[in-house]
Amino acid sequence: MPLLFLLLTVAQARAQEPPTNLELFRRTMEQQLAGVEPQLALADSSLLCYGSSVPQAGWDWLFESVVFEKLGGKRALRLRRVDATAAERPLLHYVPMDLNVRYEEARSGRRILRTVSSRLHLKYLDERGELIFSRELIGSVSDTLARSQIAAVEDPALPFTIGKRPQPSRLKRMAEPVVMALITGGIIYLFYSFRSN
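In this report, the structure presented in the accompanying data block is examined.

1. Focus on helix α2 (residues 21-36)
Helix length check: α2 (16 residues) gives 23 Å between terminal C-alpha atoms against 22 Å at 1.5 Å per residue, within 8%. Along α2, the positions that sit buried rather than exposed are Asn21, Leu24, Phe25, Thr28, Met29, Gln32, Leu33 and Val36. In this structure, the buried residues of α2 make contact with α3 (60-73), β3 (91-105), β4 (111-125), β5 (131-146) and α4 (150-153).

Right under this line is the structure:
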């Protein structure tokens with residue numbers, strides 16, 4: 001019985017862990033790809049070439065894995081990475097523009113508002129080489145988490161998953177030294193008042 005309770009407690013704690021920044025980046029890219037997927041007029045198991053003229057070594061692989069999972073796995077498209085200037089068609093051309101993690105103070109001082117966003121430019125040329133769409137796509141996901149969970153959702157090996165931490169308010173920064181001075185002054189006062197008695 002105690003073992004069952006322990007397993008349930010561990011499972012519940014894991015369920016309450018927030019998703020990592022990398023998982024949220026994946027979600028934003030899935031949203032971006034889902035927005036243009038209906039315009040890829042391709043039959044299942046047909047060939048789709050994809051490529052980027054400006055590969056971002058730090059996170060280009062992330063979008064590529066989303067393409068493989070959503071188009072290769074879900075629709076059974078045959079995918080081939082090509083040079084973006086190649087004449088092979090149909091071609092999904094993408095340019096990774098920006099990945100951003102932003103933390104802000106939430107209304108309750110114990111929680112942090114986290115916003116994860118990605119910007120991509122996607123362009124699709126059909127098998128005849130006609131431009132079907134070309135647009136910049138922005139995806140974002142927001143949630144709240146405890147300040148103590150920030151380190152757990154970031155991955156130091158992937159610098160783009162590390163966000164800028166919120167700065168304390170100006171009032172807080174000014175109040176902290178004043179409080180410390182009052183405490184120190186109170187201790188010194190008490191020390192001398194007990195000594196004089």
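2. Concerning the pattern of salt bridges
Under the criterion given, the structure shown has 14 salt bridges. For the salt bridge of glutamate 69 with lysine 70, the shortest nitrogen-to-oxygen distance reads 4.0 Å. For glutamate 136, the salt bridge identified is with arginine 119, shortest N-O distance 3.0 Å. With glutamate 136 in strand β5 and arginine 119 in strand β4, the pair connects residues that are 17 residues apart, well separated along the chain. The network of salt bridges with shared partners includes Glu37, Asp44, Lys74 and Arg75.

3. Description of the sheet that holds β4
Strand order in this open sheet of 5 strands is β2-β1-β3-β4-β5, and the pairing throughout is mixed. Lying at the two open borders of the sheet, with one neighbouring strand each, are β2 (78-81) and β5. Within this sheet the neighbouring strands show an average axis-to-axis angle of 25°, counted without direction. Relative to β5, β4 runs antiparallel, the two sharing 15 bridges. Bridge pairing in β5 places lysine 123 opposite serine 134. Lying over the sheet, α2 contacts β3, β4 and β5, oriented at roughly 150° with respect to β5.

The rules behind these values
Residues numbered from 1 in each chain as written. Predicted model: local features only at pLDDT ≥ 70, side-chain atom pairs only at ≥ 80, totals over all residues. Heavy atoms only, no water. Helix = DSSP H or I, 4+ residues; strand = E, 2+ residues; numbered from the N terminus. Expected span 1.5 Å × (residues − 1). Buried < 20%, exposed > 50% of the residue type's maximum accessible area, 1.4 Å probe, protein only. Contact = heavy atoms within 4.5 Å. Salt bridge = Lys/Arg side-chain N within 4 Å of Asp/Glu carboxyl O. Pairing = 2+ DSSP bridges. Axes fitted to C-alpha atoms, helices over the stretch in contact; angles between N-to-C directions.

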